[in-house]
Each structure stands twice: as C-alpha cells, then as structure tokens.
Amino acid sequence: MLALSPTDVAVFKRALCAISPLSEADLAEALALARPRELRPRQYLLRAGELATEVAVVVHGLMREHFVMSDGTERTKAFVPEGHPTGSLADVLSAVPSRAFIVAEEPTRVLVANFADTLALAEHCEGFRRYGERLTQRVLLVKAEREYELLGLDAQARYQAFLSRYPGLEARVAARHVASYLGITPVHLSRLRRRRRSEHAVGKAHTTTQTG
C-alpha cells in the first residue's frame, strides 16, 4: 500500500483550501481518509457502468472525464490537472451505475477517498459541511459556464475559453480530445490553431514594426 508523501499532503491541503478554508484539524481528519493511487496512462479511475463511490484529488499528472456515445465516439466533459478534484459528483450522488469515464492521460497520482466517508465527516465537522456546500456551488457554476460555451459561443470563442481555462494543457493531450471537449472535429481544430498562429504572427510583426 502506498504511503502519503509530503507532496501528497501539500497538494491535498491546497486543493481543499482553494475551495473553502479549513483548519489544520479538519485537514488532518480528511487526510486520514485519503489513499494514494498511481495510474498509468489510459488507466481508469472510473468506468461507465460501475458504481461511483470515490472522490479524488490529482497530485500530479492529468485526468480526463468523458462520455462514450452509442457509436463509440468520445465526448470530453473536462480535464483535471494537478491540484484539482475529480470523481463525477453527479454519478456519486445518484447511486446508480456511472455514465462517465475518468481516465489518466499521463502517469498520474491521485489521493482517493470513499464518498460515504466524506459525507460522514461533513456530518460532524462544520468546516467540511461548508466545504461541501462551496464545492457543490463551484460544480454548478462550472457546469453553467460549460453550457454557455457550448450553446452561446462559436468554435473560435470556445477554443479561446479552453486555452484560458487550461493554460499549457493543449500540449499534454491528444488533439482529438481537445476537439471533443470543444464539440468540433479535429480538422476544425486544426483550422482554429492555424488561424491563431497566423493572428499571433501578424500581431507580433505589427508590434515589432511599431517598436522599430
């Protein structure tokens, strides 16, 4: 069984406190529930059809949450980089077989806890009750923002929103996964990338001309 490392503890504390302030006593109780797990690329934390019973924090690496359509097409819901929680909250709360997959996109270490244990912790810990409320609020806000992007923005604007939300992530994942997150084809994504590079080059040349 893997042991908690100092990095595990530090990332775990930052991840939780980024959502809601917690005392050292609260964090110690939460850490007592956490178990390290190492995942290889393309190894699943959760598969559709399984009961979702765990929540996790990514210590290092990258997870991808996605759905698989009846024709086998993947639709990426979210990317989960270092220091962020994962676990498909909707599936955990529903207590029915999961509809989502959560897979490692690169060598990844997560701290995993049983969701039922975290609920029990929230019942006697005021700090974690507030944490649960704020986490739910954040999930709802992210969901609303994603709905707006997919329904209210064109592909170019969705691509820019992706770059802003996940800086540096584009180089770490396959283009097809970025395209599925944006709701476009890989060919369309290639066009957007070329346009962005072209606009960047024109802007750089304009700046150089002005300063020269």
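Okay, so let's go over this structure. (Residues numbered from 1 in each chain as written. Predicted model: local features only at pLDDT ≥ 70, side-chain atom pairs only at ≥ 80, totals over all residues. Heavy atoms only, no water.)

### Some thoughts on the sheet that holds strand β2 (residues 44-46)
Taken together, four strands build an open sheet; the order of strands is β2-β7-β4-β5 and the sheet is antiparallel. Edge positions in the open sheet fall to β2 and β5 (74-80), since each of these has one partner strand only. Each neighbouring strand pair of the sheet contributes to a mean axis angle of 30°, computed without reference to strand direction. Pairing of β2 with strand β7 (residues 101-104), which is carried by two bridges, proceeds in the antiparallel orientation. (Pairing = 2+ DSSP bridges. Helix = DSSP H or I, 4+ residues; strand = E, 2+ residues; numbered from the N terminus. Axes fitted to C-alpha atoms, helices over the stretch in contact; angles between N-to-C directions.)

### Re the packing of aromatic side chains
Throughout the structure, instances matching the rule amount to eight aromatic pairs. A ring pair is formed by Phe 79 and Tyr 166, whose centres lie 5.6 Å apart and whose planes are at 85°; its orientation type is edge-to-face. On the criterion of sequence distance, the pair formed by Phe 79 in strand β5 and Tyr 166 in the loop between α6 (155-165) and α7 (175-182) is long-range, its members being 87 residues apart. Across the pair, Tyr 166 and Phe 79 agree in class, each one buried. In this structure an aromatic cluster arises from ring pairing among Phe 79, Phe 162, Tyr 166 and Tyr 181. Sitting above the plane of the Tyr 181 ring, Arg 146 keeps its charged end 3.8 Å from the centroid. (Phe/Tyr/Trp six-rings, centres within 6.5 Å; stacked < 30°, edge-to-face > 60°. Buried < 20%, exposed > 50% of the residue type's maximum accessible area, 1.4 Å probe, protein only. Lys NZ or Arg CZ within 6 Å of the ring centre and 35° of its normal.)

### Here's the deal with the sheet that holds strand β1 (residues 35-39)
Taking strand neighbours across the sheet as the criterion, the four strands line up as β1-β8-β3-β6 in an open arrangement whose pairing is antiparallel. Every other strand in the sheet has two partners, leaving β1 and β6 (85-86) as the edge strands with one partner each. The sheet contact formed by strand β3 (residues 54-60) and strand β8 (residues 108-114) spans six bridges and is antiparallel. Across the sheet, the residue bridging to Val 57 is Leu 111, located in β8. Strands β3 and β8 of the sheet are contacted by helix α4 (residues 115-124), whose axis makes an angle of about 60° with β8. (Contact = heavy atoms within 4.5 Å.)

### Re the side chain of Asp 26
Relative to the helices and strands, Asp 26 is located in helix α2 (residues 24-31). Here Asp 26 is buried and forms no salt bridge, its nearest opposite-charge partner Arg 130 lying at an N-O distance of 5.6 Å. Beyond its immediate stretch of four places on either side in the chain, Asp 26 contacts Cys 125, Gly 127 and Phe 128. (Lys, Arg positive; Asp, Glu negative; His and termini not counted. Salt bridge = Lys/Arg side-chain N within 4 Å of Asp/Glu carboxyl O.)

### Observations regarding the packing of α6 against α7
As a packed pair, α6 and α7 sit with axes 10 Å apart at the nearest point and diverge in direction by 115°. For the pair α6 and α7, the crossing hand works out as right-handed. Contacts from Arg 158, Tyr 159, Phe 162 and Arg 165 in α6 reach Val 178, Tyr 181 and Leu 182 in α7. Grouping the constituent residues of the contact of α6 with α7 by class yields five nonpolar, no polar and two charged. (Left-handed = near helix turned anticlockwise from the far one by under 90°. Nonpolar A, V, L, I, M, F, W, Y, C, P; charged D, E, K, R; others polar.)

### Re the nonpolar core
Ranked by internal contacts, the top residues of the largest apolar core, which has 18 residues, are Phe 12, Leu 16, Leu 22, Ala 30, Val 57, Phe 128 and Tyr 131. When contributions to this core are tallied by element, the ones reaching two or more residues are α1 (6-17), α2, β3 and α5 (126-152). Look past the residues within four positions of Leu 22 in its chain and what remains in contact with it is Leu 16, Cys 17, Leu 27, Gly 127, Phe 128 and Tyr 131. Of all hydrophobic cores here, the second largest spans 17 residues; its members include Ala 155, Leu 163, Leu 169 and Leu 182. (Core = buried A, V, L, I, M, F, W, Y, C linked by side-chain atoms within 4.5 Å.)

### Here's the deal with the pairing of β3
For a regular strand, side-chain orientation follows a simple rule: the groups alternate between the two sheet faces. The sheet contact formed by β3 and β6 spans two bridges and is antiparallel. Across the sheet, the residue bridging to Ala 56 is Thr 86, located in β6.

### A word on α1
With 12 residues, α1 extends 17 Å between its outermost C-alpha atoms, agreeing within 8% with the 16 Å of an ideal straight helix rising 1.5 Å per residue. Check the buried side of α1 and you find it contacts α2, β1, β3, β8 and α5. (Expected span 1.5 Å × (residues − 1).)

### As for the packing of α5 against α6
The geometry of α5 relative to α6 is characterised by a closest axis approach of 9 Å and an angle of 150° between their N-to-C directions. With respect to their mutual orientation, α5 and α6 come out roughly antiparallel. Residues Glu 145, Arg 146, Glu 149 and Leu 150 of α5 form the contact with α6, whose own contacting residues are Arg 158, Ala 161 and Arg 165. (Parallel < 35°, antiparallel > 145°, perpendicular 65-115°, else oblique.)

### Focus on the pattern of salt bridges
Scanning the entire structure with this criterion turns up 17 salt bridges. With a closest N to O distance of 2.7 Å, Glu 74 and Arg 64 form a salt bridge. Taken together, the positions of Glu 74 in strand β5 and Arg 64 in strand β4 (residues 63-68) put the pair 10 residues apart, joining distant regions of the chain. With relative accessibility at 2%, the residue Arg 64 sits in the buried group. One network of salt bridges, with partners in common, ties together Glu 126, Arg 129, Arg 130 and Glu 133.

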